[in-house]
Amino acid sequence: MQRMIRAGLLVLAVSAFASAVPAQTPPKSGGQFAIRAARLIDAKSDTVIFNAVILVEGEKISAVGSGLAIPPGAKVIELGDATLLPGLVDSHTHLLSEMDGTNISLQDIEMLRIVATQSTAERALLGAKLGREDLEAGITTVRDLGNSGVNGDVALRDAIDRGWLPGPRIVASTRALAAQGGQFGRLTPEAQLIIEQEYVTVKGAEAAREAVRQALYDGANCIKVIVNGSPANVTVEEMKAIVDEAHASGVKVAAHAIGDKATRIAAEAGVDSIEHAYVVPDDVLKMMAEKHIFLVPTDGTLQTFEDMSFGERKPSAGEKELFEKRFHGYLEKISGRLQRARKMGVPIAAGSDMYLSMPGRNRGQASLLVYEAYAEAGMKPMEIIQAATRNGAELLGMADRIGTLETGKLADIIAVPGDASKDAKALEHAKFVMKGGVVIKNEK
Ligand SMILES: [Zn+2]
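This one's a predicted model, so the numbers in the text were calculated from it and none came from an experiment.

Asker: Give me the lowdown on the sheet that holds strand β9 (residues 176–178), citing residues and values where you can.
Answerer: Backbone hydrogen bonds hold the strands of a sheet together, and the pairing may be parallel or antiparallel. Taken together, the six strands give an open sheet; going across it, the order is β10-β9-β11-β12-β13-β14, and neighbouring strands pair in parallel fashion. Among the strands making up the open sheet, the edge pair consists of β10 (199–201) and β14 (294–296). Within the sheet, the average angular offset between the axes of one strand and its neighbour, ignoring direction, is 30 degrees. On the sheet, helix α7 (residues 260–269) packs against β12 (253–257) and β13 (273–276) and is oriented at approximately 165 degrees with respect to β12.

Asker: Account for the nonpolar core, naming residues and giving values.
Answerer: Of all hydrophobic cores here, the largest spans 81 residues; its most connected members are I223, M239 and Y371. Looking at this core, the element that brings in the most residues is helix α6 (residues 236–248), giving six residues. Each residue touching Y371, except ones within four places of it in the same chain, is listed here: L88, A350, I384, A388 and L427. Among the nonpolar cores identified, the runner-up in size contains 24 residues, and A176, Y199, I334 and L369 belong to it.

Asker: Give me the lowdown on the pattern of salt bridges, citing residues and values where you can.
Answerer: Following the criterion strictly, the structure yields 29 salt bridges and no others. Close ionic contact of E78 with R36 constitutes a salt bridge, the shortest N to O distance being 2.9 Å. Pair noted here: E78 is in strand β4 (residues 75–78) and R36 is in strand β1 (residues 32–40), with a separation of 42 residues, a long-range link. Given a relative accessible area of 44%, E78 falls into the partly exposed group. Classification of R36 as partly exposed rests on a relative accessible area of 30%. A salt bridge links K320 to E306; its shortest N-O distance comes to 2.6 Å. Taken as a pair, K320 in helix α10 (residues 317–343) and E306 in helix α9 (residues 302–310) lie far apart in primary sequence, 14 residues in all. Since its relative accessible area comes to 4%, E306 is described here as buried. Salt bridges here are not isolated pairs; linked through shared partners, they connect E206, R209, R213, D244 and E245.

Asker: Residue-level account of the environment of L395, with values.
Answerer: Mapped onto the elements, L395 comes out in helix α14 (residues 390–395). Relative accessible area serves as the criterion here: at 2%, L395 is assigned to the buried category. Each C-alpha atom of the pair L395 and F294 lies 7.2 Å from the other, and the pair is 101 residues apart in sequence. Once residues lying within four places of it in the same chain are set aside, the contact partners of L395 are S91, R143, K252, D272, S273, F294, V296 and A349.

Asker: Give a detailed account of the packing of aromatic side chains, specifying residues and quantitative values.
Answerer: Across all of its chains, the model carries six aromatic pairs by this definition. With 5.8 Å between their ring centres and 85 degrees between their planes, F184 and Y199 make a pair best called edge-to-face. Of this pair, F184 sits in the loop between β9 and β10 while Y199 sits in strand β10, and the two are 15 residues apart along the sequence. Residue Y199 is classed as buried on the basis of its relative accessible area, which comes to 1%. Plain terms: the ring middles of Y371 and Y374 are 6.5 Å apart, the flat faces sit at 45 degrees to each other, and that makes the pair tilted. One end of the pair is Y371 and the other is Y374, both in helix α12 (residues 370–376) and three residues apart, which spans about a single turn. Accessibility expressed as a relative area gives 0% for Y374, which makes it buried. Taken together, the aromatic side chains of F305, F310, F323, F327 and Y330 make up a single cluster linked through ring pairs.

Asker: Quick one: what's the story with the coordination of the zinc ion, residue by residue and with numbers?
Answerer: Four donors placed tetrahedrally about a metal ideally form angles of 109.5 degrees, and six donors placed octahedrally ideally form angles of 90 or 180 degrees. For the zinc ion, every protein donor is listed as H92 (NE2), H94 (NE2) and D353 (OD), and the spread of their distances is 2.1 to 2.2 Å. Between consecutive donor residues of the zinc ion, the sequence gaps follow H-x1-H-x258-D. Of this pair, H94 sits in the loop between β6 (88–93) and α2 (107–117) while D353 sits in the loop between α10 and α11 (363–367), placing them 259 residues apart in sequence.

Asker: Which residues make up the environment of D423, and what values do they have?
Answerer: Among the structural elements, D423 can be located in the loop between β15 (413–417) and β16 (432–435). Note: C-alpha distance between D423 and P281 (142 residues apart in sequence) is 31 Å.

Asker: I'd like to hear about the sheet that holds β6, residue by residue, with values.
Answerer: One open sheet accounts for three strands, arranged β6-β7-β8; its pairing is parallel. Only two strands of the sheet have a single partner each, and these edge strands are β6 and β8 (169–172). The sheet shows a mean angle of 15 degrees between the axes of neighbouring strands, taken without regard to direction. In this sheet, strand β7 (residues 139–144) lies alongside β6 in parallel orientation, the contact comprising four bridges. Residue pairing in the sheet places L88 in a bridge with I139 of β7. Helix-sheet contacts for helix α4 (residues 152–161) involve β7 and β8, and the interaxial angle to β8 is about 150 degrees.

Calculation criteria
- Residues numbered from 1 in each chain as written.
- Predicted model: local features only at pLDDT ≥ 70, side-chain atom pairs only at ≥ 80, totals over all residues.
- Heavy atoms only, no water.
- Pairing = 2+ DSSP bridges.
- Helix = DSSP H or I, 4+ residues; strand = E, 2+ residues; numbered from the N terminus.
- Axes fitted to C-alpha atoms, helices over the stretch in contact; angles between N-to-C directions.
- Contact = heavy atoms within 4.5 Å.
- Core = buried A, V, L, I, M, F, W, Y, C linked by side-chain atoms within 4.5 Å.
- Buried < 20%, exposed > 50% of the residue type's maximum accessible area, 1.4 Å probe, protein only.
- Salt bridge = Lys/Arg side-chain N within 4 Å of Asp/Glu carboxyl O.
- Phe/Tyr/Trp six-rings, centres within 6.5 Å; stacked < 30°, edge-to-face > 60°.
- Donors = N, O, S within 2.8 Å, 3.2 Å for Na, K, Ca; no water.

Have a look at this one:
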């Protein structure tokens, strides 16, 4: 995470502000821990370590291995028949947004409703709730990609970093950059002002550069671009300017892109990740593999879509059949493109893109369902685990601190019941969560 502070004057102003922040430092990491479990997956190698021990000192891991001696004075956490893993990374979240998914055709209206009725403050408080749910589910880091009001994600990130409330580490994008209309569809001239509450619309390469600089000034530590919005698209010239400006400041770019044209613009411009890419041609996948551009497949299973679409209501057999007919082919295609991407060597980082309410599951629980879609597309449990830990950390530019269980890394550690190398579904049931050496959850 790096915040851009340019002028000396600003440094003074910031440090004056920092000293005015009340002395609520993050919860103290409680000294020394020895965490023991039957298995451990460090996400660095493909092997499982048995009779596993992780030693934690302060906020960091001091040793990882099999049958390590417990130093005197360390607090022992015995987790038994479980698998220890690095804290999960969700590379595509919207913590400041929760929509009703029961009428997908009304999503444009639902977005308008949120922007017109929820202040950024209200959305940041929603983010506090959803962030806590993510953390308790084992997601210790997220990259939050817009739909967060005007810089609400930065406020939430900083509040969590200061220890004001529990939540995951956040890489925040501030408002997404987009062409006219953002993702709202066509609005009346009177309503068009509302777009800027949710998206920064860029018109031309120079405006695109300015938008990146503004985002960095606003506190963004990544840039999100909607390449194919509704109705307009970002051009390749604009995209190249965005990537150039962001990379010059050491900040990565995430591109929402679906279809031949948009994915090609994103890949040609050299973004760091392409989000969704439900439709993407082979030659663009090849370019992604060559340029090491991550695919963040924000996929779902038929069951996920059904649950979100029907909400609390139980559908009739006829409705269910119709729904399945409608979605089956579509989901097969999405699953096929993930298989193609893997075959071509495109790096994969797990991302949920969860922004809809899901009956019977909180945000964290709902976000983990994306792994089931990966499993359906043939990803093996170890591959899913790596996409959800090490690869996410690399994409977020945090590989030096998180993503694997190694000496010197932050103690972001989870434990799931049983053997996670056999079934990635185990990841849905974290019973132990530690973030930065602080125990968040330890269920018997
Ligand atoms: Zn999204």
